[in-house]
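So you can see what is in the structure, the chains are spelled out below.
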Amino acid sequence: MTSGLWELVLHGVWVTIQLLVLSSLLATAVSFVVGVARTHRLWIVRFLAGFYTEVFRGTSALVMIFWVFFVLPPAFGWQLVPLWAGTLALGLTYGAYGAEIVRGALAAVDPAQREGGIALSFTPWQRMKLILLPQAVPEMIPPFSNLLIELLKGTALVSIMGMGDLAFSGNLVRLALQESAEIYTYILLIYFVIAFLLTRSMRGLEKKLKAGVGKAPKKKTAAVRVPEGSGVS
Amino acid sequence: MKWDWSAVSDFMPYFWDGLLVTLQILVLGSLISFALGLVWALLMRVPTRWVTWPVGAVTEFVRNTPLLVQLFFLFYVLPEWGITFSALTTGVFAIGLHYSTYTMQVYRAGIEAVPVGQWEAATALNLPLRRTWTAVILPQAVRRVVPALGNYVISMLKDTPLLMAITVLEMLGEARLFSQQNFQFTEPLTVIGFAFIVISYLASLALRALERRLVH
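Not measured: the values here are computed from a predicted model.

Quick word on the overall build of chain B
Phase 1 of the analysis: The helix and strand tally for chain B stands at eight helices and zero strands.
Phase 2 of the analysis: Secondary structure of chain B in N-to-C order comes out as α-α-α-α-α-α-α-α.
Phase 3 of the analysis: With the principal axes as the frame, chain B shows a C-alpha extent of 70 × 50 × 25 Å.
Phase 4 of the analysis: Within chain B, the proportion of its 216 residues that are buried is 47%.
Phase 5 of the analysis: Considering only contacts within chain B whose residues lie at least 6 apart along the sequence, 79% involve residues at least 24 apart.

Description of the overall build of chain A
Phase 1 of the analysis: Broken down by element type, chain A carries eight helices and zero strands.
Phase 2 of the analysis: If you list the helices and strands of chain A from N to C, you get α-α-α-α-α-α-α-α.
Phase 3 of the analysis: Counting only C-alpha atoms, chain A reaches 70 × 45 × 25 Å along its principal axes.
Phase 4 of the analysis: Pairs at least 24 apart in sequence give 75% of the contacts found in chain A among residues at least 6 apart.
Phase 5 of the analysis: Just so you have it, chain A exposes about 11,200 Å², and 68% of that area is on carbon and sulfur atoms.
Phase 6 of the analysis: Each charge class in chain A was averaged separately, 20 positive and 12 negative side chains, and the resulting centres sit 10 Å apart.

Description of helix 7 (residues 171–182) of chain B
Residue and element names in this part refer to chain B.
Phase 1 of the analysis: The terminal C-alpha atoms of helix 7 lie 16 Å apart, and with 12 residues this matches the ideal 16 Å at 1.5 Å per residue to within 8%.
Phase 2 of the analysis: Those residues of helix 7 not exposed but buried are M171, L172, G173, E174, A175, F178 and S179.
Phase 3 of the analysis: Its side-chain oxygen placed 3.1 Å from the backbone nitrogen of L172, E170 serves as the N-cap of helix 7.
Phase 4 of the analysis: F183 lies just past helix 7 and shows a positive phi near 55°.

Quick look at the pattern of salt bridges
Residues and elements named next belong to chain A.
Phase 1 of the analysis: Tallying each qualifying case throughout the model produces six salt bridges over all chains.
Phase 2 of the analysis: E100 is paired through a salt bridge with R38; the nearest N and O atoms lie 2.4 Å apart. Highlighted residues: E100 in helix 4 (residues 82–108) and R38 in the loop between helix 1 (3–37) and helix 2 (43–58), separated in sequence by 62 residues.
Phase 3 of the analysis: A residue is classified by how much of its surface remains accessible, and E100, at 6% relative accessible area, is buried.
Phase 4 of the analysis: Residue class for R38 comes out partly exposed when judged on its relative accessible area of 23%.

Considerations on the packing of helix 1 of chain A against helix 7 (residues 166–177) of chain A
Residues and elements named next belong to chain A.
Phase 1 of the analysis: Running from N to C, helix 1 and helix 7 cross one another at 165°; their axes reach a closest spacing of 7 Å. When the interaxial angle is binned, helix 1 and helix 7 end up roughly antiparallel. Viewed along their axes, helix 1 and helix 7 form a crossing whose handedness is right-handed. Contacts from L5, L8, V9, G12, V13 and T16 in helix 1 reach L166, S169, L172, V173, A176 and L177 in helix 7.
Phase 2 of the analysis: Of the residues assigned to the contact of helix 1 with helix 7, the class counts are nine nonpolar, three polar and no charged.

Description of the UniProt feature "transmembrane region" (unreviewed entry) in chain A
Phase 1 of the analysis: As annotated in UniProt, the feature "transmembrane region" (unreviewed entry) corresponds to residues 12–37, 49–70, 76–97, 156–177 and 183–199 of chain A in the numbering used here.
Phase 2 of the analysis: In residues 183–199 of chain A, the share of helix is 100% and the share of strand is 0%. The end C-alpha atoms are 24 Å apart.

A few points about the interface of chain A and chain B
Phase 1 of the analysis: Listed as interface residues are 45 residues of chain A and, on the opposing side, 45 residues of chain B.
Phase 2 of the analysis: Buried area between chain A and chain B, both sides added, is near 3,900 Å², and the carbon and sulfur share of it is 68%.
Phase 3 of the analysis: At the junction of chain A and chain B, the tally comes to zero salt bridges.
Phase 4 of the analysis: Counting across the interface, chain A meets chain B through 12 residue pairs in polar contact (both at pLDDT 80 or more).
Phase 5 of the analysis: The set of elements that each furnish at least two residues to the side of chain A that touches chain B consists of helix 2, helix 3 (61–76), helix 6 (124–155), helix 7 and helix 8 (181–212) of chain A.

Comments concerning the UniProt feature "domain: ABC transmembrane type-1" (unreviewed entry) in chain B
Phase 1 of the analysis: Within this numbering scheme, the UniProt entry marks residues 19–207 of chain B as carrying the feature "domain: ABC transmembrane type-1" (unreviewed entry).
Phase 2 of the analysis: Regarding residues 19–207 of chain B, the helix share stands at 81% and the strand share at 0%, and the terminal C-alpha atoms are separated by 20 Å.

Remarks on the packing of aromatic side chains
Phase 1 of the analysis: In the structure shown here, the tally under the stated rule is 22 aromatic pairs over all chains.
Phase 2 of the analysis: Centre to centre, the rings of Y14 of chain B and F178 of chain B are 5.8 Å apart; their planes meet at 50°, and the pair counts as tilted. Linking Y14 of chain B in helix 1 (residues 5–43) with F178 of chain B in helix 7, this pair joins segments that are 164 residues apart in sequence.
Phase 3 of the analysis: For Y14 of chain B, a relative accessible area of 38% gives the class partly exposed.
Phase 4 of the analysis: Exposure remark for F178 of chain B: the relative accessible area of 5% places this residue in the buried category.
Phase 5 of the analysis: These aromatic residues form a ring-pair network of at least three members: F11, Y14, F15, W16 and F178 of chain B.
Phase 6 of the analysis: Above the ring of Y76 of chain B, the side-chain terminus of R174 of chain A is found at 3.5 Å from the ring centroid.

Re the UniProt feature "domain: ABC transmembrane type-1" (unreviewed entry) in chain A
Phase 1 of the analysis: Mapped onto this numbering, the UniProt entry gives "domain: ABC transmembrane type-1" (unreviewed entry) at residues 13–202 of chain A.
Phase 2 of the analysis: Structurally, residues 13–202 of chain A is divided into 84% helix and 0% strand, and its ends, taken at the C-alpha atoms, are 20 Å apart.

Cut-offs applied
- Residues numbered from 1 in each chain as written.
- Chains lettered and ligands numbered in written order.
- Predicted model: local features only at pLDDT ≥ 70, side-chain atom pairs only at ≥ 80, totals over all residues.
- Heavy atoms only, no water.
- Helix = DSSP H or I, 4+ residues; strand = E, 2+ residues; numbered from the N terminus.
- Buried < 20%, exposed > 50% of the residue type's maximum accessible area, 1.4 Å probe, protein only.
- Contact = heavy atoms within 4.5 Å.
- Areas by Shrake-Rupley, 256 points an atom, 1.4 Å probe, with all protein chains shown as cover.
- Lys, Arg positive; Asp, Glu negative; His and termini not counted.
- Charge placed at Lys NZ, Arg CZ, Asp CG, Glu CD.
- Expected span 1.5 Å × (residues − 1).
- Polar contact = N/O pair within 3.5 Å; in protein donor to acceptor, adjacent residues only side chain to side chain.
- Salt bridge = Lys/Arg side-chain N within 4 Å of Asp/Glu carboxyl O.
- Axes fitted to C-alpha atoms, helices over the stretch in contact; angles between N-to-C directions.
- Parallel < 35°, antiparallel > 145°, perpendicular 65-115°, else oblique.
- Left-handed = near helix turned anticlockwise from the far one by under 90°.
- Nonpolar A, V, L, I, M, F, W, Y, C, P; charged D, E, K, R; others polar.
- UniProt positions renumbered as here; feature names shortened; annotations may be inferred.
- Buried area = accessible area lost by both parts, 1.4 Å probe.
- Phe/Tyr/Trp six-rings, centres within 6.5 Å; stacked < 30°, edge-to-face > 60°.
- Lys NZ or Arg CZ within 6 Å of the ring centre and 35° of its normal.

Here you go:
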């Protein structure tokens, strides 16, 4: 491979990282808003939040990306820059999975903690901010770490729309060299390295957060994708 | 926003074709992932590092890299090595392989959840290793993991559109083809988006019912 082709791959890495950072920020925001809304005392808020998660978890991320790229522009008369369209589709989809994590972690906090907050006549917002979230957030880190890896894998989907991310640069190099084994091996390795770094830093974050509430992290966390059916996730 | 019902009815024949292919991928991919996942899980229990280390490394690698790039790899690299399959076969194999690295963890958890007394009883009865696995451990382990496996089938359903990238005409592929020929993007894409929601919702209801029956 020539240095020009490597530059192409590096640019792909940069686009993938940009997309990963932006869509994970959006997904985190969506997860917390929707996940907390699912514990709201008004049924309509709970219902809308539940409806959102069902719809966005029910459909495929790739179909969502197609929809944002092809249906939104004629329907609403504006077209997003590819980077933002990708961020929107990925952030909304993976945010729905994240919302389930938030809801599950909030439900797993010892009920006595919530009752303690009521006894001290905290407002619901104070209870959430001062009691529930500080205890629930460290528990969310391992499943969020798995979701982040899923999101990283999801960013490759935008290459189908012609966005120049890492997977797309692989296709360009394949066309240039007429040879695919080498470049795809490199691309897979780069994704693996990014995933490895992400898992490592999430583990460090978990350690730090757990130390903040006086707990030690579990020895080993199995990388299992968020369960989708029923039950506490 | 313009919604054209006639485009929907024009699209429907293609939709059914696509649905059939999607379900085909889903069923075959699930079978491959269930079988391969069990093989990985059993290999991880072989008591030498020479087996567990490579199997662990390979499955970790497959799990942490995008299915899309794996599809490209198999679709473009295998022919270079003189192995040619149809796009559908390649896609089914890739999706089955990818998800087997998830199902292996489900099986592992299921096997570990079998009470240790069962192992001891099998030893006490002097059962050979093969009988211990096939008659004692696996029947109990597999029963426990059916709901979790079902969740991965639903996840897999949502990854089937990726096969469009290697020219398989499943639901999204049909929708894209139809859109490009008729310049109507809204209707076909919305129809299949809706179809995905309906299918995965029905599947999760069925799964919940199954879970309830297995628990009691």
